Amino acid sequence: QVQLVESGGGLVQPGGSLRLSCAATGSIFNIYAMSWYRQAPGKERELVAEIISGGSINYADSVKGRFTVSREYAKNTVSLQMNSLKPEDTAVYYCNAYLSERPGSSESEYWGQGTQVTVSS
């Protein structure tokens, strides 16, 4: 059974940094894309950053220049380095992956359990 396990959330002051990590475990044949989403209280879940096999990377406009997404393909992990954090970055951050479990199977979408990031003085 595939699981996405996140780590690295916490409380940080404005201007500070945090690094989130997510590991995909279980029966995995190929991961097509890994992403980070976030959901603030009272708001819809939004895409923060995604990295697609082949190297394509996309960021939300609100985090460009401050956040960096990266993958370790051999370890099935994705990380999000968050710098110059602002109070408006406060949210639950979710790891997301599109992957196939076996050769020839179609890809499915998986979500992590979420990790809280709070930016406050």
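A few points on the structure. (Residues numbered from 1 in each chain as written. Predicted model: local features only at pLDDT ≥ 70, side-chain atom pairs only at ≥ 80, totals over all residues. Heavy atoms only, no water.)

**Describing the state of the cysteines**
Structurally, a disulfide amounts to a covalent bond that connects the sulfur atoms of two cysteines. Here is the rule we go by: Sulfur atoms of two cysteines make up a disulfide when they are within 2.5 Å. Only runs of H or I of at least four residues qualify as helices and only runs of E of at least two qualify as strands under DSSP, and these elements are numbered from the N terminus. For each residue, the accessible area found with a 1.4 Å probe, counting protein chains only, is set against the maximum for its type, and the residue is called buried under 20%, exposed over 50%, and partly exposed in between.
Counted by the stated rule, this structure contains one disulfide. The partner cysteine of C22 in its disulfide is C95, sulfur to sulfur 2.1 Å. Handedness here is read from the sign of the S-S torsion; for C22 and C95, about -80 degrees, the answer is left-handed. Here C22, found in strand 3 (residues 18–25), pairs with C95, found in strand 9 (residues 91–100); they are 73 residues apart in sequence, far enough to count as distant. For C95, a relative accessible area of 0% corresponds to the buried category.

**Looking at the pattern of salt bridges**
This is how the line gets drawn: A side-chain nitrogen of Lys or Arg and a carboxyl oxygen of Asp or Glu constitute a salt bridge if their distance falls within 4 Å.
Taken as a whole and judged by the stated rule, the model has five salt bridges. Here R38 ties to D89 by a salt bridge, and the two come within 3.0 Å at their closest N and O atoms. Taken together, the residues R38 in strand 4 (residues 30–39) and D89 in the loop between strand 8 (77–82) and strand 9 connect sequence positions 51 residues apart. Comparing R38 with D89, the two get one shared label, buried. Each of R38, E46, R66 and D89 takes part in a single network of salt bridges with overlapping partners.

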